[in-house]
Amino acid sequence: MKVFTLKRDKFRKARGGYARILEIRCEKCGHFLALYQKDGPGPLKRMYVDRILAPEDLANLRGISVKKLPSLSCKHCRQLIGIPYLYQKEKRPTFRLFEGSVTKKIIGAS
Ligand SMILES: [Zn+2]
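These notes cover the structure that comes with them. (Residues numbered from 1 in each chain as written. Predicted model: local features only at pLDDT ≥ 70, side-chain atom pairs only at ≥ 80, totals over all residues. Heavy atoms only, no water.)

This part is about the packing of aromatic side chains. Summed over all chains, the structure comprises 1 aromatic pair. Plain terms: the ring middles of Y48 and Y87 are 5.5 Å apart, the flat faces sit at 70° to each other, and that makes the pair edge-to-face. Taken as a pair, Y48 in strand β3 (residues 46-48) and Y87 in strand β6 (residues 80-87) lie far apart in primary sequence, 39 residues in all. The lysine or arginine in question, R92, covers the ring of Y48, its NZ or CZ lying 3.9 Å from the ring centre. Across the ring face of Y85, the terminal group of R96 is positioned such that the distance to the ring centre comes to 3.9 Å. (Phe/Tyr/Trp six-rings, centres within 6.5 Å; stacked < 30°, edge-to-face > 60°. Helix = DSSP H or I, 4+ residues; strand = E, 2+ residues; numbered from the N terminus. Lys NZ or Arg CZ within 6 Å of the ring centre and 35° of its normal.)

Across soluble globular proteins, you tend to see nonpolar side chains buried next to one another. Judged by nonpolar contacts, the single largest core of 22 residues is most densely connected at I24, L33 and M47. Of all the elements in the fold, those that place two or more residues in this core are β1 (19-26), β2 (32-39), β3, β6 and β7 (92-97). Excluding anything up to four places from it in sequence, I24 contacts H31, F32, L33, A34, Y36, L44, M47, V102, T103 and K104. The next biggest cluster of nonpolar side chains, apart from the first, holds 6 residues, and it includes L6, A19, I21 and L53. (Core = buried A, V, L, I, M, F, W, Y, C linked by side-chain atoms within 4.5 Å. Buried < 20%, exposed > 50% of the residue type's maximum accessible area, 1.4 Å probe, protein only. Contact = heavy atoms within 4.5 Å.)

This paragraph deals with the sheet that holds strand β8 (residues 102-109). Taken together, the 4 strands give an open sheet; going across it, the order is β4-β2-β1-β8, and neighbouring strands pair in antiparallel fashion. Of all the strands in the sheet, the pair left with one neighbour each is β4 (52-54) and β8. Within the sheet, the average angular offset between the axes of one strand and its neighbour, ignoring direction, is 30°. Where β1 meets β8, 7 bridges bridge the pair, whose relative direction is antiparallel. Paired with R20 across the two strands is A109, which belongs to β8. (Pairing = 2+ DSSP bridges. Axes fitted to C-alpha atoms, helices over the stretch in contact; angles between N-to-C directions.)

Quick look at a nonpolar patch on the surface now. A cluster of nonpolar side chains, contributed by L80, I83 and F98, occupies part of the molecular surface with about 230 Å² of accessible area. Relative to the helices and strands, F98 is located in the loop between β7 and β8. (Patch = residues over 30% accessible without salt bridge, like charges linked within 9 Å, V, L, I, M, F, W, Y side chains within 5 Å. Areas by Shrake-Rupley, 256 points an atom, 1.4 Å probe, with all protein chains shown as cover. Salt bridge = Lys/Arg side-chain N within 4 Å of Asp/Glu carboxyl O.)

Take D39: it is sitting in strand β2. Within the structure, the side chain of D39 is placed 2.7 Å from the side chain of R51, a separation counted as a polar contact. (Polar contact = N/O pair within 3.5 Å; in protein donor to acceptor, adjacent residues only side chain to side chain.)

So, in structure tokens, the structure goes:
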């Protein structure tokens, strides 16, 4: 099994310093979408690109400008999951998730 190293940086610190790994799945068909590092408390409304741990094609989008980011959709049923935008406050490329588009399961923490 692959071991993921969670990021510890100013973004994480700003959210209380703790993080969980979430398994994100399509709400409609249950297909796996991503492993995601969620920093701090609160609901999951957006996914910062720099916190996507897997799959590789999504994780590799880190560093790419928002204008070039694709929309996030389910590879199985094609349901649209989220749209890219720049989280202005931190200047981070982000996917805004449509409400109720995903299910989440906590599979790790640190
Ligand atoms: Zn789906």
